[in-house]
Amino acid sequence: MVLALTVCGIVVALVVLGLFVFGLRRRLIQRSGGTFDASLRWDAPEKGDTNGKGWAYGVARYNGDRVEWFRVFSYSPRPRRILERSAIEVAGRRVPEGEEELALLSDHVILACLHRGTRLELAMSEDALTGFLAWLEAAPPGQRVNVA
């Protein structure tokens, strides 16, 4: 009986510790400011495919001329993807359709982009989208930015 209670206590403590580390990691990512919630679909399928597969929920952070994207359900302190402002080409925007509505947060808009030849989609709120497009257009003089 004592052994079972000890094992249960250890399991509960590990679960609480894991959740605490998730929260702490997110606070450390957001500490420098300039963050927004954004789901990402890397190597996105062609237009018209709304099956909802491939989306990963994350937090994006502005860092100079880059946007660093971190998966929410990860312990890694490093960003999973880094998008450079000069390499992002906006192809269009749309609202989630079909199964995507279940895979994404309810108020998110999808922005289709190309980054160094890779098709990707970012889903974010309207406010975050406005900020992201303003950040893209605010490139220093001499840099080419493609915003549709």
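Residues numbered from 1 in each chain as written. Predicted model: local features only at pLDDT ≥ 70, side-chain atom pairs only at ≥ 80, totals over all residues. Heavy atoms only, no water.

Undergrad: Just checking my understanding: could you explain a nonpolar patch on the surface for this structure?
TA: Among the surface-exposed residues, Ile10, Leu14, Leu17, Phe20, Val21, Leu24, Leu28 and Tyr75 lie close enough to one another that they form a single nonpolar patch of about 780 Å² accessible area. Mapping Ile10 onto the fold places it in helix 1 (residues 2-30). (Patch = residues over 30% accessible without salt bridge, like charges linked within 9 Å, V, L, I, M, F, W, Y side chains within 5 Å. Areas by Shrake-Rupley, 256 points an atom, 1.4 Å probe, with all protein chains shown as cover. Salt bridge = Lys/Arg side-chain N within 4 Å of Asp/Glu carboxyl O. Helix = DSSP H or I, 4+ residues; strand = E, 2+ residues; numbered from the N terminus.)

Undergrad: What should I look at first to understand helix 1 in this one?
TA: Every α-helix winds through 3.6 residues per turn, so residues three or four apart in the chain are directed the same way. Here helix 1 is 29 residues long and its end C-alpha atoms lie 42 Å apart, about the 42 Å a rise of 1.5 Å per residue gives. Inspection of helix 1 places Gly18, Arg25 and Ile29 among the buried residues, and these make up the whole buried set. On its buried side, helix 1 packs onto strand 1 (35-42), strand 2 (56-63) and strand 3 (66-71). (Expected span 1.5 Å × (residues − 1). Buried < 20%, exposed > 50% of the residue type's maximum accessible area, 1.4 Å probe, protein only. Contact = heavy atoms within 4.5 Å.)

Undergrad: What is the right way to read the pairing of strand 6 (residues 108-115) from this model?
TA: Consecutive side chains of a regular strand alternate in pointing toward one face of the sheet and then the other. Most of strand 6 sits inside the fold, with seven of its eight residues counted as buried. Here six bridges tie strand 5 (residues 88-94) to strand 6, and the two strands are oriented antiparallel to one another. Bridging from a neighbouring strand, Arg93 pairs with Leu111 of strand 6. As judged from the eight bridges shared by strand 6 and strand 7 (residues 118-125), these two strands associate in the antiparallel manner. Residue pairing for strand 7: Leu111 is matched across the bridge by Leu122. Two successive antiparallel strands, strand 6 and strand 7, enclose a turn made up of two residues, where Arg116 displays a positive phi of approximately 55°. (Pairing = 2+ DSSP bridges.)

Undergrad: Explain the side chain of Thr118 to me, please; I cannot follow it from the model alone.
TA: Tracing the backbone shows Thr118 in strand 7. Exposure remark for Thr118: the relative accessible area of 18% places this residue in the buried category. With residues up to four places along the chain from it excluded, the contact list for Thr118 reads Trp42, Asp43 and Cys113.

Undergrad: For this particular structure, what's the right way to read the packing of aromatic side chains?
TA: Under the definition given, this model contains four aromatic pairs. With a centroid separation of 5.4 Å and 45° between ring planes, the pair formed by Tyr62 and Trp135 is classed as tilted. One end of the pair, Tyr62, is in strand 2; the other, Trp135, is in helix 3 (residues 126-137), and 73 residues separate them in sequence. Between the aromatic rings of Phe132 and Trp135, the centroid separation amounts to 5.8 Å while the plane-to-plane angle is 35°, which identifies the pairing as tilted. Placement of the pair is Phe132 and Trp135 together in helix 3, with a separation of three residues, close to one helical turn. For Phe132, a relative accessible area of 1% translates into the label buried. Cluster of aromatic residues (ring-pair linked, three or more members): Phe36, Tyr62, Phe132 and Trp135. Lying across the ring of Trp42, Arg81 places its NZ or CZ 4.2 Å from the centre. (Phe/Tyr/Trp six-rings, centres within 6.5 Å; stacked < 30°, edge-to-face > 60°. Lys NZ or Arg CZ within 6 Å of the ring centre and 35° of its normal.)

So, to be careful, I would describe these as geometric facts and stop short of saying anything about function.
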